[in-house]
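Fold and contact review
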Amino acid sequence: MSAMYFDKDVTMDAMSGLHVAIVGYGNQGRAQAMNLRDSGVKVTIALRDGSKSIYRAEADGFSCIDISAATRECDLLSILIPDQIMAEVYDTKISRFLRPGKMLLFSHGYNIHYQEIKPPPFVDVTMVAPSGPGYTVREEFKNGRGVPTLLAVMQDVTGRAKDIALSYSKAIGGTRSCCFLSTFKEETETDLFGEQIILTGILPRIIDESFKVLLEAGYSSTVAWFVSFYEVKQIADLVSKIGIEDFYKAVSDTAEYGGMRQSSRLISSDFKDEMESALSYIQSGDFHRNWKDESSSGYPKLSKMRESQIESPLNEITKKMLRILKNNKDES
C-alpha cells in the first residue's frame, strides 16, 4: 500500500515564506488559490496578457501578473492550465526564466510523463493532484473537510521537495482527507483510464442511453429521468461512504439480485477486453499522440461527438428538472 499522510503528519513549515504563483485561473486554479490563501500562503495569479480570467481573479482579491514575471519573482509555480496548451505556455513563458531552487508543481502528470515538458535539472518537480474537480476542492475545504491528493516527486534538487509538496497538499485541504504517494507515470495512466472508462466514458453514456431506452418504451420522461439520472448521485454517495460490499447490503434483495444478474451480462468478457485495450492504448502513448493530433487540428472529432451529445433528449429534461428541484429547495 502507498504511504499515506494526514493533517497530523504534516506542518506548514516547509512553505513558510514561500511565494506561490498559480498559473491559470480555471476551476482548479481558482479553488487551489483560494484554499492556499485561506491557509496563510502568499499567492499571486499568473496569467497571459489579455486573459479573460484576470477580471475574475482580481474580483476575488488576487494580484495578477504575467506568467514570465511570476516565474522570475515566485518560488513555486503551480501550473494549472489545460494539458493541450501547457507545453506551449511552458516553452514560451516559463522555461527561460527558471532559476535554481525554484519548484514546478503540477496537478496532473500528463505533460511531464509524455515529455512534452522537460524541466531543467536545477529545479524541483512535484505533483499534488486532487482526486476531484476544483469546485469540490473548494467546497470541501470551506466545510472543514478536504479532497484526497496524490503526491509525486520527480526531481528533488533542494532536498525539500517532498516536504513542500506535503505542505501544499495540507494548504489546499488534501491531508484533511488523505495524501498518498505515487508517481507521475502512475497518476497519468490511471487518471486517463479512470476518465475514459468510468468518469467521462461509461457513466455519462449509460445514463444517457438508459434514459433513451425508457423514453422509447413509452415511459414518462420525468420518471425516466429520476431513474436514469437523479438516482445515480444517491447511489454514488452511498457507495463512496460504505463501499460496494455494504452497498449491496443496504439495498433490497430484489435490487441486489437484479443488478448482479444484469451486470454480469453487461460487463462481459468482451467488455473487459475493451477495458484492457483502452489501458494498453494509454500505456503505449497512442492516446497521447492521437489527442495531440486532435487538439492541433482544431478538435474535429471532439466537435462531432459534442454535437451528438447536444442532441440527446436527456439534456432538456435535465435542465427542466434541476430548475424545478432548485426552486423548490430555495422556497422551502
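These notes cover the structure that comes with them. (Residues numbered from 1 in each chain as written. Predicted model: local features only at pLDDT ≥ 70, side-chain atom pairs only at ≥ 80, totals over all residues. Heavy atoms only, no water.)

A closer look at the environment of Lys304
- The topology assignment puts Lys304 in helix α14 (residues 300–310).
- Each C-alpha atom, one on Lys304 and one on Tyr281, is 22 Å from the other, the two residues being 23 residues apart in sequence. (Helix = DSSP H or I, 4+ residues; strand = E, 2+ residues; numbered from the N terminus.)

Some thoughts on the packing of helix α13 (residues 286–296) against α14
- Packing of α13 against α14 brings their axes to within 7 Å, and their N-to-C directions diverge by 85 degrees. Taken together, the axes of α13 and α14 lie roughly perpendicular to each other. Contact residues: Asn290, Trp291 and Glu294 in α13; Pro300, Lys301 and Leu302 in α14.
- Along the lines of polarity and charge, the residues of the contact of α13 with α14 split into three nonpolar, one polar and two charged. (Axes fitted to C-alpha atoms, helices over the stretch in contact; angles between N-to-C directions. Parallel < 35°, antiparallel > 145°, perpendicular 65-115°, else oblique. Contact = heavy atoms within 4.5 Å. Nonpolar A, V, L, I, M, F, W, Y, C, P; charged D, E, K, R; others polar.)

Concerning the side chain of Thr44
- Secondary-structure assignment places Thr44 in strand β3 (residues 42–47).
- Here the side chain of Thr44 touches His19 through a polar contact of 2.7 Å, side chain to side chain.
- Residues contacting Thr44, with those up to four places away along its chain left out, are His19, Val20, Ala21, Ile22, Ser63 and Ile65. (Polar contact = N/O pair within 3.5 Å; in protein donor to acceptor, adjacent residues only side chain to side chain.)

A look at the packing of helix α9 (residues 184–216) against helix α10 (residues 221–250)
- Two elements in contact, α9 and α10, have axes separated by 9 Å at closest approach and are oriented at 160 degrees. Considering the angle they form, α9 stands roughly antiparallel to α10. Regarding α9 and α10, the two cross each other, and that crossing is right-handed. On α10, the residues touching Leu203, Ile207, Ser210, Phe211, Leu214 and Leu215 of α9 are Ser221, Ala224, Trp225, Val227, Ser228, Phe229 and Val232.
- Looking at the contact of α9 with α10 residue by residue, the class counts come to ten nonpolar, three polar and no charged. (Left-handed = near helix turned anticlockwise from the far one by under 90°.)

What about helix α4 (residues 83–94)?
- Taking 1.5 Å of rise per residue, the twelve residues of α4 would be expected to cover 16 Å, and the 15 Å separating its terminal C-alpha atoms lies within 8% of that figure.
- Of all the positions in α4, only Met86, Ala87, Val89, Tyr90 and Ile94 are classed as buried. (Expected span 1.5 Å × (residues − 1). Buried < 20%, exposed > 50% of the residue type's maximum accessible area, 1.4 Å probe, protein only.)

A closer look at the pairing of strand β5 (residues 76–79)
- Here β5 shows no split at all, with Leu76 and Ser78 on one side and Leu77 and Ile79 on the other all buried.
- Bridging between strand β2 (residues 19–23) and β5 involves four bridges; their strand directions are parallel. Across the sheet, the residue bridging to Val20 is Leu76, located in β5.
- Bridging between β5 and strand β6 (residues 103–106) involves four bridges; their strand directions are parallel. The residue bridging Ile79 from the neighbouring strand is Phe106, located in β6. (Pairing = 2+ DSSP bridges.)

Overview of the sheet that holds strand β1 (residues 4–5)
- The strand order β1-β9-β8-β7-β6-β5-β2-β3-β4 describes an open sheet built from nine strands, whose pairing is mixed. The sheet is open, and its two edges are formed by β1 and β4 (64–66), each paired on a single side.
- Alignment of β6 against strand β7 (residues 124–130), held across four bridges, turns out to be parallel. What sits directly across from Leu104, in β7, is Val125.

Details of the pairing of β7
- Counting buried residues along β7, seven of its seven residues qualify, which places the element largely inside the surrounding structure.
- Burial along β7 is two-sided: the residues Asp124, Thr126, Val128 and Pro130 and Val125, Met127 and Ala129 are all buried.
- Taken together, the six bridges between β7 and strand β8 (residues 149–155) define a ladder with antiparallel strand orientation. The residue of β8 that forms the bridge with Pro130 is Thr149.

Some points on the packing of aromatic side chains
- Enumeration over the complete set of coordinates arrives at ten aromatic pairs.
- Centre to centre, the rings of Trp225 and Phe229 are 5.1 Å apart; their planes meet at 20 degrees, and the pair counts as stacked. Remark: Phe229 and Trp225 occur in helix α10; sequence separation between them is four residues, near one turn of the helix.
- For Phe229, a relative accessible area of 26% gives the class partly exposed.
- Aromatic ring contacts, followed pair by pair, group Trp225, Phe226, Phe229 and Tyr230 into a single cluster.
- Sitting above the plane of the Phe62 ring, Arg37 keeps its charged end 4.0 Å from the centroid.
- For the cation-ring pair, Arg176 lies above Phe141, with the distance from its terminal atom to the ring centre recorded as 4.1 Å. (Phe/Tyr/Trp six-rings, centres within 6.5 Å; stacked < 30°, edge-to-face > 60°. Lys NZ or Arg CZ within 6 Å of the ring centre and 35° of its normal.)

Concerning the state of the cysteines
- In total, this model carries zero disulfides according to the counting rule given.
- Cys64 provides the cysteine sulfur closest to Cys74, a residue in no disulfide bond, and the two sulfurs are 12 Å apart.
- In this structure Cys179 is not part of a disulfide, and its nearest cysteine sulfur, from Cys178, lies 7.0 Å away.
- A residue is classified by how much of its surface remains accessible, and Cys179, at 0% relative accessible area, is buried. (Disulfide = S-S within 2.5 Å.)

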